[in-house]
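An overview of the molecular structure
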Amino acid sequence: MFVLFMIALMMILFVSGIIRYEFISLSVLLVFGITGVISAEDLFSGFSHPAVITVLSVLVISHAMIQSGLVEHFVMLLNKKTKSVFTKILALMLVTGFLSAFMNNVGALALVLPVALSMAKDMEINPSQILMPVAFSSLLGGMVTLIGTPPNLIVSNYRFEATGEAFDFFSFAPVGLTVFLAGTTFMMLFGKYLIPKRKAESQEGLFDIGHYLSEVEVVESSKMVGESIFSFYSVFKIEVEVLSIIRDERHIIVPSAQYNLRVGDVLIIKTDSTKLTELIQKTGLKLRGAKLDFVASTPFLKSDDFALVEVVIRDDSILIGRTAFELSLRNRYNINLVAVSRQGAMSIERLKSFRFKSGDILLLQAPIQKLQDTYQRLSCLPLEKRKVVFDPTQSKFTQMLPLGMFLIAIILTTLGLLPVQISFSAVAILLVLTKTISVRVFYEAIEWPTILILGSLLPLGTALQNSGVSGKLASLLFSLSNHVSQEMLIVFLMVFTIVITNLISSTATAVLMGPVAVSLAAFMNVSPDPLLVSVAIASTTAFITPIAHQSNMLVMGPGGYQFRDYWKLGLALSILSIAISVPLIVRIWPL
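Scope of this entry: the structure provided in the associated data block. These numbers come from a predicted model, not from an experiment. (Residues numbered from 1 in each chain as written. Predicted model: local features only at pLDDT ≥ 70, side-chain atom pairs only at ≥ 80, totals over all residues. Heavy atoms only, no water.)

If you tally the helices and strands in the protein, you get 27 helices and 10 strands. The C-alpha radius of gyration of the protein comes to 26 Å, within 12% of the 25 Å expected for a compact globule of 591 residues. In terms of overall dimensions, the protein has a C-alpha envelope of 90 × 55 × 50 Å along the principal axes. Burial status across the protein gives 56% buried among its 591 residues. (Helix = DSSP H or I, 4+ residues; strand = E, 2+ residues; numbered from the N terminus. Rg over C-alpha atoms; globule rule 2.2 N^0.38 Å. Buried < 20%, exposed > 50% of the residue type's maximum accessible area, 1.4 Å probe, protein only.)

Attention shifts here to the nonpolar core. Considering soluble globular proteins, one finds that nonpolar side chains tend to be buried as a cluster. Membership of the largest hydrophobic core comes to 145 residues, with the highest contact counts inside it found for M10, F32, I130, F424 and L493. Broken down by element, the residue count for this core peaks at 12 residues, all from helix α6 (residues 105–122). Formed by 22 residues, the second largest nonpolar core is a distinct cluster that contains A324, Y333, L362 and L378. (Core = buried A, V, L, I, M, F, W, Y, C linked by side-chain atoms within 4.5 Å.)

Here the focus is the side chain of H549. Within the secondary structure, H549 sits in the loop between α24 (529–540) and α25 (550–554). We classify H549 as buried; its relative accessible area is 15%. In this structure, H549 is in contact with N105, L139, S506 and A542, ignoring residues within four places of it in sequence. (Contact = heavy atoms within 4.5 Å.)

In this section: helix α16 (residues 371–378). Taken together, the buried positions of α16 are occupied by L371, T374, Y375 and L378. Down the axis, α16 shows its buried residues gathered within 100° of arc, on one side only. Those residues of α16 that are buried are in contact with β6 (306–313), α15 (329–333), β9 (361–367) and β10 (380–382). (Arc of directions from axis to C-beta.)

In this model, α6 (18 residues) spans 26 Å end to end at C-alpha, consistent with the 26 Å of a helix rising 1.5 Å per residue. The largest bend in α6 amounts to roughly 30° and is located at V112, with the proline P114 lying one to four residues further along. For α6, a buried count of 16 out of 18 residues is recorded, marking the element as mostly surrounded by other parts of the structure. (Expected span 1.5 Å × (residues − 1). Bend = angle between axes of the 7 residues up to and from the residue.)

Our focus in this paragraph is the sheet that holds β10. Across the sheet, which stays open at both edges, the five strands sit in the order β8-β7-β9-β6-β10 with antiparallel pairing between neighbours. Unpaired on one side and paired on the other, β8 (345–347) and β10 mark the two borders of the sheet. Taking the axes of each pair of neighbouring strands and ignoring which way they run, one obtains an average angle of 35° across the sheet. Contacts between α16 and the sheet are confined to β6, β9 and β10, with β6 contributing the most and set at about 25° to the helix. (Pairing = 2+ DSSP bridges. Axes fitted to C-alpha atoms, helices over the stretch in contact; angles between N-to-C directions.)

For the rest of this paragraph, the subject is the packing of helix α5 (residues 85–102) against α6. Closest axis-to-axis distance for the α5/α6 pair is 8 Å, and the angle between their directions is 165°. For the element pair α5 / α6, the angle class is roughly antiparallel. Crossing hand, α5 versus α6: right-handed. Residue-level inspection shows K88, I89, L92, T96, L99 and S100 of α5 in contact with α6, the latter providing N105, A108, L111, V112, V115, A116 and M119. (Parallel < 35°, antiparallel > 145°, perpendicular 65-115°, else oblique. Left-handed = near helix turned anticlockwise from the far one by under 90°.)

According to the stated counting rule, one finds 17 aromatic pairs in the structure shown. Each ring, one from F44 and one from F47, has its centre 6.3 Å from the other, and the planes form 35°; the classification is tilted. The partly exposed category is assigned to F47, whose relative accessible area is 26%. The interplanar angle of 20° and the centroid separation of 6.5 Å between the aromatic rings of F102 and F169 together place this pair among those described as stacked. You can see F102 sitting in helix α5 and its partner F169 sitting in the loop between α8 (150–163) and α9 (173–194), a full 67 residues away along the chain. Across the pair, F169 and F102 agree in class, each one buried. Cluster of aromatic residues (ring-pair linked, three or more members): F98, F102, F169, F170, F406 and F424. The cationic tip of R159 hangs over the ring face of F167; the distance from NZ or CZ to the ring centre is 4.7 Å. (Phe/Tyr/Trp six-rings, centres within 6.5 Å; stacked < 30°, edge-to-face > 60°. Lys NZ or Arg CZ within 6 Å of the ring centre and 35° of its normal.)

The subject of this paragraph is the pattern of salt bridges. A complete count under the given rule lists 13 salt bridges for this structure. Here E22 and R20 are joined by a salt bridge, their closest N and O atoms 2.7 Å apart. Note on R20: relative accessible area 24%, which makes it partly exposed. The residue E241 makes a salt bridge to K270 at a minimum N-O spacing of 3.1 Å. With E241 in strand β2 (residues 241–247) and K270 in strand β4 (residues 266–270), the pair connects residues that are 29 residues apart, well separated along the chain. (Salt bridge = Lys/Arg side-chain N within 4 Å of Asp/Glu carboxyl O.)

Below, the structure is given as structure tokens:
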């Protein structure tokens, strides 16, 4: 009962979102270690698990392929070659699904998201009609291969423990590919009827900050002559943000707090009308224009060195739960936070104390030379389509090397010559040894929250088995066998798994439901294969809520979606997934 209570508590905390997933799972793991449920020797065994090593390696390889520019070039080229709206959307969904089958889901979505937004703008389509299907395609594509998504790797390990053999690289393909194609077809035909038409917002509309922008000039009589920008606060106790300074027709973007002002300087500042009046009265600055037009002001907010960019926060970002002041964004990263949009509501005042959440869209002034580094360090995705620039110092061979090594690893795994964790980790190491990526990039490519949650959850699956909890849950499901067929038991198993995965992460769901599937197979006296595949497919069927998967959350802001917008299309896809996968599963892996 204690194990069941702790698992239930963990799930409640997952749903609440009060604490990050990885710290919840680590805390429960430590409780099990302290109470003796899991031995000290096995407590952290999950971090050496083949699934963890494989996921870590895939993250590094995916990042190397993205960094090479080849994948992004392919996505943009395909978008240019397609003409009609229908074929463009279809192409985006197919490409997203294909990429997700072989690389990290979020990585695939990160490549396609800016292209999708650009396409929506160019063809005057509401982004809400594109982004949700593209996000769902990233999940559907992950069902196709062993490395497509962590649940596939997790259930493959449970199969190894139960039968002595893991699933092959393409074992999931017959079911996963069919579900992906059926789901894509369904979304193309009926998605527009199930997705709400939210008002499309351009950059100017999403961040209509013109009412807060003012232009002031430093005149001879001003008290700010020779003073630093910091004096606004230190001397006059006024909170004002200087976005740029125009001096002798030169734009100084994101000026330092220690920057001294001169007569004739024109400051583009961000503040409300009350503080603006106080500023003029106390400092003697001359007002040149208030409530500036944002579009007209944009050239003054960026330069050859600084860009004005929109980014969306990923759920593994260091920003989450913290403020710009706590992170010292301006001093540490040379970034200026201009505005924040959360579910369509813009925030522009008191941003220093604004606590970030996953899915928030930020308007930033950032150094152009360090844009990619900024996105990576903050774990944010850009919403503007980028130009693919190949490094002139790299040869074509170097650019093709990550893709070539990745294909060799897939072939070796498919032929059974090497286990997936060995072949893929070898590629990840070779990428560093051949200097295709640097050591710093290797470590930065790893999504540590994902590794922590996976490594800490895997021993909990063992605890479920050893404590008999998974057996009891399987017994409850098996009690239905007197009233329904074995195929219907699989349906019930999938429905139960889908409910859980839409409340907590798909990885946690696979860890919890994998042992139940193995125990249920024992009660039914059948092979565990059909039940484990059912759990894998159902764990990835995370369409009904935005919190079910990071891909869903990432498109929430750019698409203008609300929490309730996901369930119509999500539920329809979930039903379709069950209806298609169950007959295929029992045909390929007979009961």
